[in-house]
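In case you want the letters, here they are:
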Amino acid sequence: MAPTMEDQQMMRGQYRVVVIGSGNWGSVAAKLIASNTIKQPIFYDEVWMWVYEETLHTGEKLSEVINQTNENVKYLPGIKLGNNVIADPDLENAVKEANMLVFVTPHQFVAGICKRLVGKIRPGTEAISLIKGMEVKMEGPFMISKLITDMLGINCCVLMGANIANEIAVEKFSEATVGYRQDKEVAQRWARLFSTPYFLVSIVQDVEGVELCGTLKNVVAIAAGLVDGLDMGNNTKAAIMRIGLREMRAFSKLLFSSVRDSTFFESCGVADLITTCLGGRNRKVSEAFARSGGKRSFDELEAELLQGQKLQGVSTAKEVYEVLSHRGWQGLFPLFTTVHEICIGQLPPSAIVEYSEHTPNFSLVEGSALYY
Ligand SMILES: NC(=O)c1ccc[n+]([C@@H]2O[C@H](COP(=O)([O-])OP(=O)(O)OC[C@H]3O[C@@H](n4cnc5c(N)ncnc54)[C@H](O)[C@@H]3O)[C@@H](O)[C@H]2O)c1
Ligand SMILES: O=P(O)(O)OC[C@H](O)CO
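Because the structure is a prediction, the values reported are computed rather than measured.

**Things to note about the overall build of the chain**
Then step 1. Counting its regular elements, the chain contains 16 helices and 12 strands.
Then step 2. Over its C-alpha atoms, taken along the principal directions, the chain stretches across nearly 65 × 50 × 40 Å.
Then step 3. Looking at the chain as a whole, 45% of its 372 residues are labelled buried.
Then step 4. In the chain, the share of contacts with a sequence separation of at least 24, taken over all contacts with a separation of at least 6, comes to 71%.

**Some remarks on the environment of Leu335**
Then step 1. Tracing the backbone shows Leu335 in helix H15 (residues 334-343).
Then step 2. The class of Leu335 is buried, set by 21 C-beta atoms lying within 10 Å.
Then step 3. Separated by 192 residues in sequence, Leu335 and Met143 place their C-alpha atoms 21 Å apart.
Then step 4. Once residues lying within four places of it in the same chain are set aside, the contact partners of Leu335 are Ala223, Ile243, Gly244 and Glu247.

**As for the site of ligand 2**
Then step 1. The environment of ligand 2 is formed by Lys132, Ala162, Asn163, Ile164, Ala221, Asp272, Thr275, Thr276, Gly280, Arg281, Asn282 and Gln312.
Then step 2. Contributing elements (two or more residues each) for the shell around ligand 2: helix H11 (267-279) and helix H12 (281-291).
Then step 3. Counting residues per element, the shell around ligand 2 draws most heavily on H11, which supplies three residues.
Then step 4. Across the shell around ligand 2, the residue classes break down as three nonpolar, six polar and three charged.
Then step 5. Residues lining the shell around ligand 2 come from more than one domain, with at least three contributed by each of domain 1 (5-205) and domain 2 (216-364).

The rules behind the values
- Residues numbered from 1 in each chain as written.
- Chains lettered and ligands numbered in written order.
- Predicted model: local features only at pLDDT ≥ 70, side-chain atom pairs only at ≥ 80, totals over all residues.
- Helix = DSSP H or I, 4+ residues; strand = E, 2+ residues; numbered from the N terminus.
- Buried ≥ 20, exposed ≤ 12 C-beta atoms within 10 Å, placed from the backbone.
- Contact = placed C-beta atoms within 7 Å.
- Near = placed C-beta within 6 Å.
- Nonpolar A, V, L, I, M, F, W, Y, C, P; charged D, E, K, R; others polar.
- Domains from an automatic or database assignment.

Next up, the structure:
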C-alpha cells in the first residue's frame, strides 16, 4: 500500500545522512546525495561530510574552505557540491544526528575511524561502504563492510561500480551496484539516495560478490598499468583483463561460496574492471612505475601523481597475497601473485608479460572448482 499523506508527513526528514570521507569519490558521493536529499522529503536536506582536516598551502583549513566555497578545492576542484553539504572536521559531531552512514575513505583508515565511532552511533543506524579494499587479520580476510558491521554493530550494504569520480562529478552517465545481505527495503533506500538520471543504481543480494569485485579489480588495474608502461598494446591488456576477471571470480567464490556469477556482469564487475584498467589512478601510477623500470617506488609516484589521493591496488595486492600464501593458493592465482611480487620489487615489471611460465599451473586447474 502506498504511504498516505499523513505517513509521508511523519516520514519527512526521517533519514539523516553523513558521508564519512571527503576525498575525490567522497566529495562526488556527497554531491550526488545532496542533490537527492533536497528533493526527496524522507531525507533531511542537509548532508554532513566528515573531512580529515588538513591545512592547505594557503594556510587555510580544508573544511573551512569547503564551507566557504562549496567546493573541495583539494580533492574535487571546480565542482560545486550543493549548498546543503556541510563539511565537518569533527567526526563524532558529524555522525551524532545521522542514521545513514556512508563510508568512503581509503580502506587503510576505516578501522581507525570505526574505533572512534564505537558507542557514538544512534540506534537503528544503517551504513553503506563505497570503499574498495579489504583487511587481512589473523583469522583471515575481512571485507570492509564486515569490519564496519562487527565494530559498530550495524548492518552495512556496499555500493560499487564503474565509477571514476571525476566523470560522475561532471554528470556523465554511469551505473552502480548496491550489494545487500537481507533487507531489500534498506537497499532500495540506498539506491534512492544515490540514483540520479545520470547515475543509475541497481541492487543485488550479494554483498560479498559486489565488494570483492570492487576490491580485486584494483589489483588487475595495477597489471593493466604495467602493460601500458611496457607499451604492450591492446591485445595484451585485454588478455590481462580476461585473466584478471577469472581470478577475481575464482578468488571470490573460494572465499564465499554464496558469491553469484551474475554479479560479475553488473556494473560492479566487468564494467568497473574495464573503466579502471582504462582510466583509473591505479593504472596511471602503475604505468609510471613500469616506465621507471621499477626504479621509483609506488609510494613516491603516488605522492607525485595523485597529490594526496590514495591508491588501493598495491596494498590490496599485498592483502590478497597474504591470503594466497597462507592457503597455498599462489599457483592458482598467477596474475594476483605476480602483481604483488612486482610491486615489492621481487620481480621486474616485465614479469607481468612473462606470465607464460606460470601458465601450466593455471591450466592445471581447468575442470576443477576454480575453473567454472
Ligand atoms: N576516486 C574514485 O574515482 C573512486 C571511485 C570509486 C570508488 N573509490 C574508492 O573510494 C574510496 C575513497 O577514495 P577517494 O577517491 O574518495 O579518496 P582519495 O584517494 O581521493 O583521497 C584520500 C582521502 O584520504 C584522506 N586521508 C588521508 N589521511 C587520512 C587519515 N589518516 N585518516 C582518514 N582519512 C585520511 C584524505 O583527507 C582524502 O580525503 C577508496 O576505497 C576508493 O577505491 C574511488
Ligand atoms: O582511480 P582508481 O584506480 O582508484 O579507480 C576508481 C574507481 O574505483 C573506478 O570505478
